[in-house]
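Breakdown of the fold
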Amino acid sequence: MPVPAPQRILLISGSTRDGSTNTAALRTIAQGPPAGITAELYDGLAALPAFNPDDDGPRLPAAAAGLRRVIAEAGAVLFCTPEYAGTLPGSLKNLLDWTVGGGELDGKPAAWINVAHPGRGRGAEATLATVLGYVGARVAEAACRQLPVTRDQIGPDGTVTDPGFRAEAAAAAAALARAAETAAAAR
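1. Regarding helix H4 (residues 122-134)
- Compared with the 18 Å implied by 1.5 Å per residue over 13 residues, the 18 Å span of H4 between its first and last C-alpha is a close match.
- When we look at burial in H4, the residues that qualify are Ala-124, Glu-125, Leu-128, Val-131 and Leu-132. Seen end-on, H4 carries its buried residues on one side only, within an arc spanning 135°. Looking at H4, the residues exposed on the side facing more than 90 degrees away from the buried face are Thr-130 and Tyr-134.
- On the buried face of H4, the contacting elements are strand E3 (76-80), helix H3 (90-100), strand E4 (109-114), strand E5 (138-139) and strand E6 (145-146).
- Just downstream of H4, Gly-136 is the residue with a positive phi angle, here 85°.

Listed below in structure tokens is the structure:
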């Protein structure tokens, strides 16, 4: 189904690892989004300072201000994250902590793609859903996907080569863009 108006989706990987399958999944969407969608891969995760409530105000660090700006400019946010020790990686939780005081995710459609092997990654999904609920994001369930990716499916350009993954990832992005269009119309 076509997306009614151009929508901007911010793609956030929860991994700081070079060669991450999570980042490769999002890079695939960024390099070939469905018609009517622009997709931007956020690359500032590793540069964010540790969250400190004392800095969440007039002393907001530049990296956190930049994060809040790109979230505010997006119509929706798509996450893809590994699971560490049964939950979100600390770097992604830190990113999410920086969004609490700004309110940029409040009412914004959000979804995730889980690229872990079947049966894995559910702890990260559950924690992400909890935090997104806390900050008031609207989880677009129709856009959430379990799409396992193996390292041998990553091409030399750092994108996923599997056509089935590409089709499902595009469908997830389109579903999220439709949720963003609906949210924008309701405002």
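2. Thoughts on the pairing of E3
- With respect to burial, E3 is a largely interior element, 5 of its 5 residues being buried.
- Burial of E3 is two-sided: the residues Ala-76, Leu-78 and Cys-80 facing one way and the residues Val-77 and Phe-79 facing the other way are all buried.
- For strand E1 (residues 7-13) and E3, the ladder comprises 5 bridges, and the chain directions are parallel. Paired with Ile-9 across the two strands is Ala-76, which belongs to E3.

3. Things to note about the packing of helix H2 (residues 62-73) against H3
- Taken N-terminus to C-terminus, the directions of H2 and H3 make an angle of 75°; their axes are 10 Å apart at the nearest point. As summarised for this structure, H2 and H3 are arranged roughly perpendicular, according to the angle between their axes. Across from Ala-64, Leu-67, Arg-68 and Ile-71 in H2, the residues of H3 making contact are Leu-95, Trp-98 and Thr-99.
- Residues that form the contact of H2 with H3 fall into these classes: 5 nonpolar, 1 polar and 1 charged.

How each quantity is defined
Position numbers for residues count from 1 along each chain, tracking the sequence in the order it is written. Selection of residues for local features in this predicted model requires a pLDDT of at least 70, selection of side-chain atom pairs for listing and counting requires 80 or more, and totals for whole chains, interfaces and linings are taken over all residues. Side-chain calculation: all heavy atoms of the structure are included, whereas hydrogens and water are not. Note on conventions: DSSP H or I runs of at least 4 residues are helices, E runs of at least 2 residues are strands, and numbering of each starts at the N terminus. In this analysis, the expected span of each helix is defined as 1.5 Å times one less than the number of residues it contains. Whether a residue is buried, partly exposed or exposed follows from its accessible area with a 1.4 Å probe, protein chains only, as a fraction of its type maximum: under 20%, in between, or over 50%, in that order. The directions considered for the arc run from the helix axis to the C-beta atoms. Whether two residues are in contact is decided by their heavy atoms, any of which lying within 4.5 Å being enough. Two strands make a pair as long as DSSP finds a minimum of two bridges between them. Each axis is a line fitted through C-alpha atoms, taken for helices only over the stretch in contact, and angles between the N-to-C directions span 0 to 180 degrees. When an angle is under 35 degrees it counts as roughly parallel; over 145 it counts as roughly antiparallel; between 65 and 115 it counts as roughly perpendicular; any other value is oblique. Ten residue types, Ala, Val, Leu, Ile, Met, Phe, Trp, Tyr, Cys and Pro, are classed as nonpolar, four, Asp, Glu, Lys and Arg, as charged, and the remainder, Gly among them, as polar.

By themselves, these figures tell us nothing about what the structure is for.
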